[in-house]
Each structure stands twice: as structure tokens, then as C-alpha cells.
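Descriptive structure summary
Spelled out, the chains give:
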Amino acid sequence: MKFIRNIFDNLEPKMKDNPFLHAVYDGFETFFFTPNHTTSGPGVHIRDGIDLKRTMVFVVLALQACLLFGMWNIGHQHYLSLGLYPGLTESFFTKFLFGALQLIPIIIVANVVGLGIEFYFAAKRGHAIEEGYLVSGMLIPLIMPPDIPLWMLAIAIAFAVIIAKEAFGGTGMNILNIALTARVFLFFAYPLEISGEGCWIAYDYNILHQLFGMEGSTMQALGMSAVPEGGWMTRVVDGFSGATPLGLAAAGGWEAVTNATLPTGGAQYSVSNLFWGIIPGSIGETCKPAIIIGMIFLLFTRIASWRIMLSMALGAVLTGLLFNALGSNAFLEVPFYYHLIMGSFLFAMVYMATDPVTAAQTNTGKWIYGFMIGFIGMVVRVLNPAYPEGWMLAILFLNVFAPTIDHFIYQQNIKRRLSRVA
Amino acid sequence: MSEVKDIVVEKVAKEPLFSNKNKALLKDPLDDNNPITVQVLGICSALAVTSQVYPSLVMSVCVIFVCAFSNLSISLMRNIMPGRIRMIVQLIVIAALVTIVDIFLKAFAFDVSKQLSVFIGLIITNCIVMGRLEAFAMGNKPWPAFLDGIGNGIGYGVILIIVGALRELFGAGTLLGYPILNAEDGSWLASIGYTHNGIMAATPAAAMFIIGILIWIQRSRKPQLVDIS
């Protein structure tokens, strides 16, 4: 610690003159050491020992389980679609390495582009650099398909950070969730890369292939991949379908989901596979236990709001029950509890809806906010054939309405307390 | 008294056709008083017709025509029409001009007329036209009013063409129909994985973002335009 402190102390005089360098310096210094800011002026202001930076880092820590699982799962799904290594622990490290090579460039691009823009605006406005983006920079890779082209990712992140965050005034001022804005941009701008059946398994955007032009044979020599007949890496084994559970459910109900089989034998979307996340999907959202670990951590440290999580789950379950009661087509008849493990419900609930900046601020508001997300998300998922999944759109929609919800709660409070006076 | 009057008459008679004041009428709407980015008028059609450059261009020409000649006619009539019915008169003038434009387009540019469809007719409700009539033509002489109409039409058109060009270039890879960014199968851009942007091509939301960013750039360049109310 002393060593790092010395480095910062030596650097400070050099950085002081240039506003950009000083902003960067300040950002890193407060990242390593809790700043000893005290409240000035009259009155008692108690500062919590945990400041914004520490809060943000806890969320990043909570995401690590999803990240590690995602790395392995990218490799596992890739080899599975080629008909190789169906066992879970078979070639464990090869799968892990494949996933890491796929995921690390995504993380690097997400952070370099986002933090670059963030640093630029912070220096220009004389703000301190906050770690708000570290969370977005970790969330964004986890909600992307593993095969997302890096340039698209860079454009989406630039769009999200500039339009959704900096235009509104930077960290803490954004109306929309940054990570979801990046995703929704991709969803509408490049729909083929982020929705449908073809994008959830990594094939040809592997970094080795992209950057170094490594051919299949080299990869094979390294034990990275087997080259199937007729082409490298893009040819899947016969009978393999990229259909997602929700796509199948929309077409044929729960039966169609459980009937999907892998070419290597066994059900593709059995309940246990869905729960453990051994399915194709966005990088971080498949593994429910990993998300639950993060959820417990966030609830224990009181960073995420349990009210939002609970009310969102309630909203989804009640809407699911309502759909079951209506039951006029196969998708409506899918039992409501399976909706909780299909798609990205849990990830959206734990990490997206609970974003403290964009969610409702009042406690009653949080209940309404969460419940409405649960309801609208289910409606979009089940009733709207244009969008396969609803949570992203539902959360962004409610983000917009959160200040309005709060406004009415405030007015209600004022009215109630006024009547006490009168 | 009579002396003062003489001086005024002399001054008016001497004012050249393109005096500085009249030039400003043409120039101001291009930047400092742009109908779209500063007055925030005419957004509806700016979002709707700007998916390509050509329709934006035609739309701009139509609005310039309608704006200029409605300003001219209303300015000519401004002293003889009763104030209470001025809105009706203005609307009739605009509607007549829009009908002329509409019929002209149907006769000579049927394709683009179909593409612009209802938006030509909706020039009647374009706030820029009505706004300039109320704000300028009702209180100014015909020649300045005519210039003001042209200036505002061009100010509107410039933004339309910028938005149309960006949307066509990144949404479809063409400009005025000529391929610039060719991303068809087998092209170089396709081989490095380039795809056209669906937001730019299909949704008017792109136009809203572009106009928003234009406003952002303009106001950070000229802080006096920032209006915090």
C-alpha cells in the first residue's frame, strides 16, 4: 500500500497542470485510496465509509461468477455445436481458453471505448472521474452475444455513453441504463447480430482468427479447435439448431423447449440445463446459480434494492399466472415458473432493474417500478411476436417513467402530511 | 414634422435590394436562427422524410417555395386583411401553394411524390410556414418577407439534407442512389463484417438523434443560443 501511495505522491506535481491528466490521476488515486474528503460548512453530515467508488466495485465483484461461467460456456457451446466434447469437464481448459479469447477482447473494447469517452468528458467539464462506468463496462460484455463484432460493440458503447450518459450530465445523471442502451442500440441497428437463432454461439469472430489470421490447422495444432469438413469453425454438426428456448416456446410451447435435442444426444434445454446455464445465450445471463451468488452478495451488502427484485419477480409471476389462466395458445400455457429460468429474467432482475441511478428512488416507487417491469416484460415476451425477449425494453421503458412515479409518491406524501397539519 | 417624414422616405428609397439587413434575413436562419435546431419547428417532417437524400432535397425545395411565396402574398395583403380572420387567410394561401406543389410533383416527379406521400400535403401544417407568416410577414414589406421565407426554407432544407445524407449513407450505403459504402455480398466491406445500420435506415428515431446532436454541437459552439428557462 505504502508503495502505491508513494507512486501517487510522486506523480501528483507532474499531473497538476494538465486538466486531462489530472482528471485521470484523480480517478486512479481515489480508486486505490478512499479520499479523505470531509463535509464542509455548518450542520452535521455523516458520510458513509463506503463511497460511490466502493459501491461500484462491489457490483463488479458480484459479476465475477457470471463472467467466469460465461467464459467456459462460450467454449462449451462452441464445441458442442461442432459435435465435440459433450462432457462438461471434458477439455475444460480448452473451452475456457476459447471463451477467454472470445470474451477478453469484448471486455477490453467495452472499457477502452467507454472509459475513453468518460475521461474525455470528465476532464473537459472538470468533474472527477467516477467508477460508474466500470459497472457498465462489466455489464455490457455480459449481455452481449459471444459473437458480437467488436466494431459494432464500440459504436453501441459510444452511442450509449454519449447519448444516454454524457448528454444528461455524466455519472448519476443518466435517465436510461447505460448497458441496456448499448444493447438496445445493437438490437435495433444490427438485429441480425443480436437476435434470432444464429448469433448465440461463437464461431468466426474469434480474436485469433480476426487479428492474427490464424488458420484452422494452426488452431487445431494448438488443440484449440477441430476443423470440420468443408470449412473452418462455421460448419455446425448436422441437426444442430440455434433456436433459443424462447423462440421454441413461442412456436410450440414448453413441450417444444424440452423436446429440443442435441446432436450429441440428450435434451438441449432440459430444466437443469436451463437452470445451470449450459445453453447458448448472452455471455453472462445463462447461469442462474452464478447470478444468485451475485444477488446474495448484493443483497447482503445492501447495494441492490430487495424491493425492486421482489416486486419484479412478483410482477413476472403474477403475469405468468394470468397467462396460464388465459391459456389460449401454447406460449401462454408455458407454466409461469419456467419463465423465471428462460431467457434473461434473472440477470435483468438482479443487475439491470436495480441500477440505483435509473430506478425509482422512493420505497413505494420501487415496488411500483419493479412490478411494472415484471408485468411489461412478460407481456412483451409472450404477447408480442416481434420481440423475443422483453426485459431490456421493459426496464428501459420504466427507466423513463421512474421520475414520474417518484413525483406522484412525493405528492402523495406531501398531501398526507399536510392533512395531519390541517 | 414634414422634414422627418421626408428623411424616412428618402432612407427607404435608398435601401438596396440586398442591404446588410436583407442579407441577414437570408443568412440568419442558416445558423443562428435555424428553424429546426434553434426554433425547433418543422420537426415532424424532418423526422419522417429524411431516410434518403433525394426526398429530403425535394421536400426542402417545396418548403422553400411555399414559405417564400406565402410570405410574399401575406405581406402584400397584410394591410388590407382584417386581423380577426388572418389565420384563415394565411391557411388558404398556404393551402393553395401546397396544392400547386403537390400537383406539380405528381405531374413531373411522380415517384418521389409517392414516396413523400402525405408529407407534401402536410406542409400546410408545417409550423415553420405558419410561424414565419405570423412572426415576420404580417409586419414587414413584401421583399424582406420574401427573403425571409427563402432563408427559413433553406435553413430547414440544410438540416434535412444533412440528416438525409447521414441516414442514407449509413443506413443504405448510398448517396442520392449512388453506392458509396457497398456492403453487398462479396464486397470488401462485407468481408470485414460491415453491415448497414438498421436504426439509420428504418426508424425516424435516427433523425431525432442526429438533430439532437446537431443542436448539441451548435450550442456548445455558440453558448448565447443556450436557453435555460
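As the structure is a prediction and not an experimental result, all values here were calculated from the model. (Residues numbered from 1 in each chain as written. Chains lettered and ligands numbered in written order. Predicted model: local features only at pLDDT ≥ 70, side-chain atom pairs only at ≥ 80, totals over all residues. Heavy atoms only, no water.)

**Remarks on the environment of Ile303(A)**
All names here are of chain A.
- Within the fold, isoleucine 303 resides in the loop between helix H14 (288–300) and helix H15 (306–326).
- Distance from isoleucine 303 to arginine 54, taken between C-alpha atoms, is 10 Å for residues 249 residues apart in sequence.
- Apart from residues lying up to four places away in sequence, isoleucine 303 is in contact with Thr55, Phe58, Val59 and Leu298. (Helix = DSSP H or I, 4+ residues; strand = E, 2+ residues; numbered from the N terminus. Contact = heavy atoms within 4.5 Å.)

**With respect to the side chain of His76(A)**
Residues and elements named next belong to chain A.
- Structurally, the position occupied by histidine 76 is in helix H4 (residues 64–81).
- Judged by its relative accessible area of 1%, histidine 76 falls in the buried class.
- Sequence-distant contacts of histidine 76, defined by excluding residues within four places in its chain, comprise Tyr85, Pro86, Gly87, Leu88, Lys95 and Ile278. (Buried < 20%, exposed > 50% of the residue type's maximum accessible area, 1.4 Å probe, protein only.)

**With respect to empty space enclosed by the protein**
All names here are of chain A.
- Following the criterion strictly, the structure yields two cavities of 30 Å³ or more and no others.
- Here the largest cavity is characterised by a volume of approximately 60 Å³.
- If you go around the largest cavity, you meet 14 residues; those closest to its centre are Asn73, Ile74, Pro146, Trp200 and Gly281.
- Looking at the lining of the largest cavity residue by residue, the class counts come to eight nonpolar, six polar and no charged. (1 Å grid on protein atoms, 1.4 Å probe; cavity = no way out; pocket = protein on both sides within 12 Å on 5 of 7 lines; lining within 4 Å. Points joined across faces, edges and corners; volume = space filled by probe spheres on them. Nonpolar A, V, L, I, M, F, W, Y, C, P; charged D, E, K, R; others polar.)

**A closer look at the nonpolar core**
- In terms of nonpolar packing, the biggest core is built from 154 residues, with Phe347(A), Tyr351(A), Tyr369(A), Ile373(A), Met59(B) and Ile123(B) touching the most fellow members.
- If you tally residues by element for this core, the top one is helix H19 (residues 391–421) of chain A, at ten residues.
- Counting only domains with at least three residues in this core, you end up with domain 2 (52–232) and domain 3 (304–421) of chain A.
- Discounting chain neighbours no more than four positions away, the residues touching Tyr351(A) are Ala62(A), Leu63(A), Cys66(A), Leu139(A), Ile291(A), Gly294(A), Met295(A) and Leu298(A).
- Counting residues in each nonpolar core, the second largest holds six residues, with Ala23(A), Phe119(A), Ala122(A) and Ala123(A) among its members. (Core = buried A, V, L, I, M, F, W, Y, C linked by side-chain atoms within 4.5 Å. Domains from an automatic or database assignment.)

**A closer look at the interface of chain B and chain A**
- Across the boundary between the two partners, chain B contributes eleven residues, which contact 15 residues of chain A.
- In total, about 910 Å² of surface goes out of reach between chain B and chain A, with carbon and sulfur atoms giving 72% of it.
- Joining chain B to chain A, the criterion identifies zero residue pairs in polar contact (both at pLDDT 80 or more).
- Of all the elements in the fold, those that place two or more residues in the side of chain B that touches chain A are helix H11 (198–202) and helix H12 (205–221) of chain B.
- It is H12(B) that provides the largest number of residues to the side of chain B that touches chain A, a total of three residues.
- Per-class residue counts for the side of chain B that touches chain A are six nonpolar, five polar and no charged. (Buried area = accessible area lost by both parts, 1.4 Å probe. Polar contact = N/O pair within 3.5 Å; in protein donor to acceptor, adjacent residues only side chain to side chain.)

**Section: the side chain of Thr358(A)**
All names here are of chain A.
- Turning to its location among the elements, threonine 358 is positioned in the loop between helix H17 (345–352) and helix H18 (363–383).
- Within the local environment of threonine 358, its side chain forms a polar contact with the side chain of aspartate 355, the two groups lying 3.1 Å apart.
- At a separation of 3.5 Å, a polar atom in the side chain of threonine 358 contacts the side chain of asparagine 399.
- Residues in contact with threonine 358, not counting those within four places in the same chain, are Asn174, Ile175, Leu176, Asn177, Tyr369, Asn399 and Ala402.

**A word on the domain arrangement of chain A**
All names here are of chain A.
- Domains assigned within chain A are domain 1 (2–32), domain 2 (52–232) and domain 3 (304–421).
- On the side of domain 2, ten residues touch domain 1, which itself brings nine residues to the contact.
- Buried surface at the junction of domain 1 and domain 2, summed over both partners, amounts to about 740 Å²; 68% is from carbon and sulfur atoms.
- For the domain 1 face of the interface with domain 2, the top three residues by lost area are Phe20, Thr30 and Phe31, together amounting to 52%.
- Put simply, domain 1 and domain 2 have zero residue pairs in polar contact (both at pLDDT 80 or more) between them.
- Here the side of domain 1 that touches domain 2 is built from residues that sort into six nonpolar, two polar and one charged.

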